[in-house]
Structure formats: structure tokens, C-alpha cells
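For reference, the chains in residue letters:
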Amino acid sequence: MTQNCQQATARLKINLAAIKQNYTVVAAQAAQAECAAVVKADAYGLGMAEVVGCLKDTVETFFVAQPEEGCTLRALLPEKRIFVLHGFALGRPEILAQNRLIPVLNSLEQIRQWRSFCAQDGCEHPAALQFDTGMSRFGISEDDLTDDSLEEFRPVLLVSHLACADQVDHPANEMQRERFVRMCRAFPGVPRSLSATSGVFLGQEYHFELVRPGVALHGVLPNGGISPFKPVVTLEAQILQILSIKSGDFVGYGFAYRAQSPMRVATVGIGYADGIFRSFSGSGALWAGDKRLPVLGCVSMDSLAVDVTQLTAEECKEGDWLSIIGPQQDVTTIAEMTGTIGYEILTSLGRRFARYYYGL
Ligand SMILES: *Cc1c(COP(=O)(O)O)cnc(C)c1O
């Protein structure tokens, strides 16, 4: 996305070679299984077209959340296998079949509607089936397995999702895995898929026939720990103005910061409307090279203030760019500073950045 007038005050750079390499790393971790790619929510906010563009030579199977996303992806990838995690909107199964999208059927009602649609259409359109193994979010329960609607049903994939896979020692992992294995026995021989990124790192017994990483491709390891992935995103914002203030002066909304001594304050062109959460106030910082510039006061919608007193006038001028996500501070660090997770940082990245894709 290049802005028409090239005046964006924040720029996001996305390393497509790193995405490709991260896919290879996670796929190697689950070498016995097929490795799909999850590209829901516009590929975690990074741009579906560009992200699938760099994966399509190596990846055969993709997942999105919503039918709408599936239609977008189908237009980009005419030949790949595409699963839609939410299945189809009740009453509208034909949209998926027309686009050769494979619904993940989550409820008995979805199963009934899909099967009756297939019967009317005279074609067994492929579908996956999700089991609720403990998360109580999507999928049929163990009791549902005996329901009439499943008689002679042959899904192409069995799916469930781990709730606590980012905590390696959480007992829910093994509990869900056991229940998944048990429920899958109702459909012998059908390929199984339990793990997203974190699950892949729980070990081979969590891989089954297909794994579904998403956030891994974008360089984030949810388990904490040392990431084997390459960082994908860098985010920089431009200094719009530099002000010299006196001891006792205030900065920003609510006068939330008060200077204890004379200082220089840079107003930077990025704010909460760009995904820099207000909780970045206080704890957050931007960087000029290896110099840490603390955020002062509240983050505004379109700007924030940082302390640039330590930099000389030459080191820091209006129009200069400061780093927000980069070598000094990665997505996970920002997430910790703002009390959230890397996923939310990525999917909140603003829509008005100048975006640059590179690496390939
Ligand atoms: C989002 C999602 C994934 C991918 O999860 P990551 O943690 O990003 O790897 C896989 N499966 C389901 C069902 C999901 O909702």
C-alpha cells in the first residue's frame, strides 16, 4: 500500500524473505506433518496478498477465519487448498462451494446444512470437522459424535485447537490431546490437525498429520523463550516537531507528564489510531539508534511525545525517523510493555502507514 501523496509519517517495513524462512523453520519442526499457513485477519495485519505471494511456492494448504477472507484468498490462489475456520454463514453454504473453499464445520447445525446442501447439489463438497476438546469455543462435543447428522459423514480433515499451548507444562495440553485422539477414532484414517504455532513446539505427539502455524511466520513465538524465527516487521515514525520546555511545563492530554527540568520533547507522527496503544504511555519508548527515548505522557490519536533531551540538535531533527519496532525492541517486547500479546500488536498495526515489502 503506497500512499498517493507519499506523506505518511509512519512506515512499516515487512521482510518477505524472513516470512518465507520462518515458514521453513516451523515446517522443519514438524517435519513428519504437512505444514499449512494461517493467513487470517489480512495475514495478521501484514497484508494477505504479499504474504501469500511469498509462500505460494512452498505451501499447499492455507487457513483463514472467515468466508469473506476465503473468497479474497481464492482470487489470489486459484489452485491451493483453503480452509475456512468459521465454516460458512448459516444459510449460505453455496458461497464456499462456488469458491472451492473448505469449511471447518463447527456445529451440528452447520453439519446438517452442509450435508443437505451437498445432497441437493449432487456433489460431496469437501469439509473439515472441528472437535471441541476443552476450549469451549468451536466444534462439536464428544457427546455429539453419536448424532444422526454425522452418519456416514467423511470429513477431509479433523481439527481441534489447544487453549494453553503457549504454556509448555500446562496440563490442559495433554488433556486436550488425549480427547482429540479419542474423538478422532470416530473417523479412522482421516487426517488430523491440532496444533498452531505453540503446539508445534510441544513435540511430535502434537503434530498429527497437519499443523497450522500463523504467528510463527511473522516471527513471533508465543511461548516466550528464545525465538528461532527472524523478525519480520520494522516500524518507524517521523518527528513532526521538537519543542524545548521548561521545568514545570506539562506534556500532552491530561497534563499527564510534568517536566522536572528543562527538556526537549519530540512530537512523533504515530498514535493509538495506528495501533500504538494508550497503554504505551508511561512504560513505552522509541529508539534513535541505540538511544532509548521514553514516551512522555499520554499517547494521542495521531501522535505521541518522546524525551529527546539526551540527543544533540544534530542527532535529532524534525523530519528524522525514530524506531518503534526494530532491533532494540521487537513485537513481543512491545506487547509486554503494553500489557498484551504479539498477536494483538500485529493485527492492530495501522492502516495509514506507508508499507514497504522487501527481501524477495
Ligand atoms: C489463529 C489460529 C491458528 C494459528 O495460530 P498461531 O498461534 O498464530 O499459530 C491455528 N488454528 C486456529 C483454529 C486458529 O484460530
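Right above here is the structure, for reference.
Residues numbered from 1 in each chain as written. Predicted model: local features only at pLDDT ≥ 70, side-chain atom pairs only at ≥ 80, totals over all residues. Heavy atoms only, no water.

(A) Geometry of empty space enclosed by the protein. Within this structure, the stated rule accounts for one cavity of 30 Å³ or more. Looking at the largest cavity, its volume works out to about 50 Å³. Considering the residues around the largest cavity, the lining is formed by Gln130, Phe131, Asp132, Thr133, Gly134, Met135, Arg137, Phe138, Ser160, His161 and Gln176. Class assignment of the residues belonging to the lining of the largest cavity gives a composition of three nonpolar, six polar and two charged. (1 Å grid on protein atoms, 1.4 Å probe; cavity = no way out; pocket = protein on both sides within 12 Å on 5 of 7 lines; lining within 4 Å. Points joined across faces, edges and corners; volume = space filled by probe spheres on them. Nonpolar A, V, L, I, M, F, W, Y, C, P; charged D, E, K, R; others polar.)

(B) Local environment of the packing of aromatic side chains. One pass over the full model with this rule turns up nine aromatic pairs. Residues Tyr44 and Tyr343 carry aromatic rings whose centres are separated by 6.3 Å and whose planes lie at 35 degrees to one another, so their mutual orientation is tilted. Placement of Tyr44 in helix H2 (residues 40–44) and of Tyr343 in helix H10 (residues 342–348) is noted, with a sequence separation of 299 residues between them. When the centroid spacing of 5.9 Å and the interplanar angle of 85 degrees are considered together, the rings of Phe201 and Phe229 count as edge-to-face. With Phe201 in the loop between helix H8 (197–200) and strand E10 (210–211) and Phe229 in the loop between E10 and strand E11 (233–245), this residue pair connects regions lying 28 residues apart in the sequence. Owing to a relative accessible area of 7%, Phe229 belongs among the buried residues under this scheme. Against the face of Trp321 rests Arg11, its NZ or CZ located 3.9 Å from the ring centre. Seen from the ring of Tyr206, Arg177 lies directly overhead, with NZ or CZ sitting 5.8 Å from the centre. (Phe/Tyr/Trp six-rings, centres within 6.5 Å; stacked < 30°, edge-to-face > 60°. Helix = DSSP H or I, 4+ residues; strand = E, 2+ residues; numbered from the N terminus. Buried < 20%, exposed > 50% of the residue type's maximum accessible area, 1.4 Å probe, protein only. Lys NZ or Arg CZ within 6 Å of the ring centre and 35° of its normal.)

(C) The arrangement of the sheet that holds strand E4 (residues 61–64) in detail. Taken together, seven strands build an open sheet; the order of strands is E3-E4-E5-E6-E7-E8-E9 and the sheet is parallel. Across the chains shown, the open sheet's two edge strands, defined by having one partner strand only, are strand E3 (37–38) and strand E9 (192–193). In the sheet, E4 pairs with strand E5 (residues 81–84) via four bridges, with the strands oriented parallel. Each residue of the ladder has a partner; that of Phe62, found in E5, is Ile82. Contacts from helix H6 (residues 108–121) reach strand E6 (102–105) and strand E7 (128–130), with the element oriented near 145 degrees to E6. (Pairing = 2+ DSSP bridges. Contact = heavy atoms within 4.5 Å. Axes fitted to C-alpha atoms, helices over the stretch in contact; angles between N-to-C directions.)

(D) Structural view of the layout of surface pockets. In this structure, the largest pocket spans a volume of roughly 760 Å³. Forming the boundary of the largest pocket are 37 residues, of which His161, Ala196, Ser198, Pro222 and Tyr343 lie nearest the centre. Here the lining of the largest pocket is built from residues that sort into 20 nonpolar, twelve polar and five charged. What the second largest pocket holds in volume is close to 340 Å³. Of all the elements in the fold, those that place two or more residues in the lining of the second largest pocket are E11 and helix H9 (331–337).

(E) A look at the packing of helix H3 (residues 48–55) against helix H4 (residues 67–76). The N-to-C vectors of H3 and H4 enclose an angle of 50 degrees; their axes lie 11 Å apart at closest approach. Compared by their axis directions, H3 and H4 come out oblique. Crossing handedness for the pair H3 and H4: right-handed. For the pair formed by H3 and H4, the contact residues are Met48, Ala49 and Val52 on the first element and Glu69, Thr72, Leu73 and Leu76 on the second. Residues of the contact of H3 with H4, tallied by class, amount to five nonpolar, one polar and one charged. (Parallel < 35°, antiparallel > 145°, perpendicular 65-115°, else oblique. Left-handed = near helix turned anticlockwise from the far one by under 90°.)

(F) The arrangement of the packing of helix H1 (residues 16–29) against H3 in detail. Two elements in contact, H1 and H3, have axes whose closest approach is 9 Å; the angle formed by their N-to-C orientations is 55 degrees. On the basis of the axis angle, H1 is oblique to H3. Crossing geometry of H1 relative to H3 is assigned as right-handed. Contacts between H1 and H3 involve Leu16, Ile19, Lys20 and Tyr23 from the former and Glu50, Val51, Cys54 and Leu55 from the latter. Split by residue class, the contact of H1 with H3 holds six nonpolar, no polar and two charged.

(G) Looking closely at the side chain of Ser149. Structurally, the position occupied by Ser149 is in the loop between E7 and strand E8 (157–159). Look at Ser149 and you get buried, because its relative accessible area is 9%. Here Asp147 takes part through its side chain, which lies 2.7 Å from a polar atom of the side chain of Ser149. Setting aside chain neighbours within four positions, we find Ser149 in contact with Leu108, Ile111, Arg112 and Arg115. (Polar contact = N/O pair within 3.5 Å; in protein donor to acceptor, adjacent residues only side chain to side chain.)

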